[in-house]
Amino acid sequence: REVSKALKGEKWWQVEQALIAATSLGMKDEEMQFVALLNHPQPEVYVTAAWALRVLAHSPEGIAKMVELVKSETDRFFGGELADEPVYHRVGHLIEGLSMRKVPEARASIQRYVKKNQAVGMASRMGALWGIGKYLEGRPDQKLADDYIFIIYDKMGFGAEFGVMRYCAMIGL
């Protein structure tokens, strides 16, 4: 009861701690409150809310909201609009949650991150590189495998892939 109450609190650090507690306690009934907190003004809260959804999301409504946010933010990133680093982390957690659940409506948005584009945020792209591999687990896709191999070997010269992206591609592959 106190955790549920704190999720609606006024102090951002109490809300953040309540998110961690609710997730640790497996409080799936709070899922729509987690969704509401994705738009909290404090980055620590909205990133933690995304993490909580990555761990606990289960309802069609909650998952649909995750898909909606990933799609809109992905469109914004690929439209050339830059975001603050925590926004990319929020999207990265949501991408990972949708990928673990293999939500078909999210795949097209997530797959956009495979091609090199350093303007779409490291955390969101890392989650997507791992995520597409998770979608395709047990179902190889030669084109995506080729894209991953290109990323893995893109390590020399100006504009080369960051090492962490090559590592995520290895995991995805």
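Residues numbered from 1 in each chain as written. Predicted model: local features only at pLDDT ≥ 70, side-chain atom pairs only at ≥ 80, totals over all residues. Heavy atoms only, no water.

A. Geometry of the overall build of the protein chain. Tallying secondary structure elements over the protein chain gives 10 helices and 0 strands in all. When the elements of the protein chain are put in sequence order from the N terminus, they spell out α-α-α-α-α-α-α-α-α-α. Expressed as lengths along the three principal axes of its C-alpha atoms, the size of the protein chain is roughly 55 × 35 × 25 Å. Here the protein chain holds 173 residues, and 48% of them are scored as buried. Across the protein chain, every contact between residues at least 6 apart in sequence was considered, and the portion connecting residues at least 24 apart equals 65%. Accessible surface computed for the protein chain: about 9,100 Å², of which carbon and sulfur atoms make up 57%. In the protein chain, which carries 22 positive and 22 negative side-chain charges, the distance between the mean positions of the two groups comes to 3 Å. (Helix = DSSP H or I, 4+ residues; strand = E, 2+ residues; numbered from the N terminus. Buried < 20%, exposed > 50% of the residue type's maximum accessible area, 1.4 Å probe, protein only. Contact = heavy atoms within 4.5 Å. Areas by Shrake-Rupley, 256 points an atom, 1.4 Å probe, with all protein chains shown as cover. Lys, Arg positive; Asp, Glu negative; His and termini not counted. Charge placed at Lys NZ, Arg CZ, Asp CG, Glu CD.)

B. Summary view of a nonpolar patch on the surface. Taken together, the side chains of I149, Y153 and L173 present a nonpolar region at the surface, about 340 Å² in accessible area. Locating Y153 in the fold gives a position in helix α9 (residues 142–153). (Patch = residues over 30% accessible without salt bridge, like charges linked within 9 Å, V, L, I, M, F, W, Y side chains within 5 Å. Salt bridge = Lys/Arg side-chain N within 4 Å of Asp/Glu carboxyl O.)

C. Representation of the nonpolar core. Core analysis: the biggest nonpolar cluster contains 51 residues, and L19, L98 and I110 have the highest contact counts within it. If you tally residues by element for this core, the top one is helix α4 (residues 43–56), at 8 residues. Sequence-distant contacts of I110, defined by excluding residues within four places in its chain, comprise V70, I95, L98, S99, A128, I132 and Y135. (Core = buried A, V, L, I, M, F, W, Y, C linked by side-chain atoms within 4.5 Å.)

D. Quick peek at the side chain of S59. Structurally, S59 is set in the loop between α4 and α5 (60–78). Aside from chain neighbours lying at most four places away, what touches S59 is E31 and M32.

E. Region of the structure containing the packing of α5 against helix α6 (residues 85–100). Contact geometry for α5 and α6: axes closest at 10 Å, N-to-C directions at 130°. When the interaxial angle is binned, α5 and α6 end up oblique. The two elements α5 and α6 cross, and the hand of that crossing is left-handed. Here I63, M66, V67, L69, V70, E73, R76 and F77 of α5 come into contact with α6, specifically with V87, Y88, R90, V91, L94, I95, G97 and L98. Of the residues contributing to the contact of α5 with α6, the split by class is 12 nonpolar, 1 polar and 3 charged. (Axes fitted to C-alpha atoms, helices over the stretch in contact; angles between N-to-C directions. Parallel < 35°, antiparallel > 145°, perpendicular 65-115°, else oblique. Left-handed = near helix turned anticlockwise from the far one by under 90°. Nonpolar A, V, L, I, M, F, W, Y, C, P; charged D, E, K, R; others polar.)

F. Focus on α6. The first and last C-alpha atoms of α6 sit 23 Å apart over 16 residues, in line with the 22 Å expected at 1.5 Å per residue. Turning to α6, its buried residues are V87, Y88, R90, V91, G92, H93, L94, I95, G97, L98 and S99. Along its buried surface, α6 packs onto α4, α5, α7 (104–111) and α8 (122–135). Downstream of α6 by a residue or two, K102 has a phi angle that is positive, lying close to 50°. (Expected span 1.5 Å × (residues − 1).)

G. Quick peek at the packing of α6 against α8. Close contact between α6 and α8 brings their axes to 7 Å; oriented N to C, the two are set at 5°. When the interaxial angle is binned, α6 and α8 end up roughly parallel. Residues E85, Y88, H89, V91, G92, I95, E96, L98, S99 and M100 of α6 lie in contact with α8, whose contacting residues are A123, S124, G127, A128, W130, G131, K134 and Y135. Partitioning the contact of α6 with α8 into residue classes produces 9 nonpolar, 6 polar and 3 charged.

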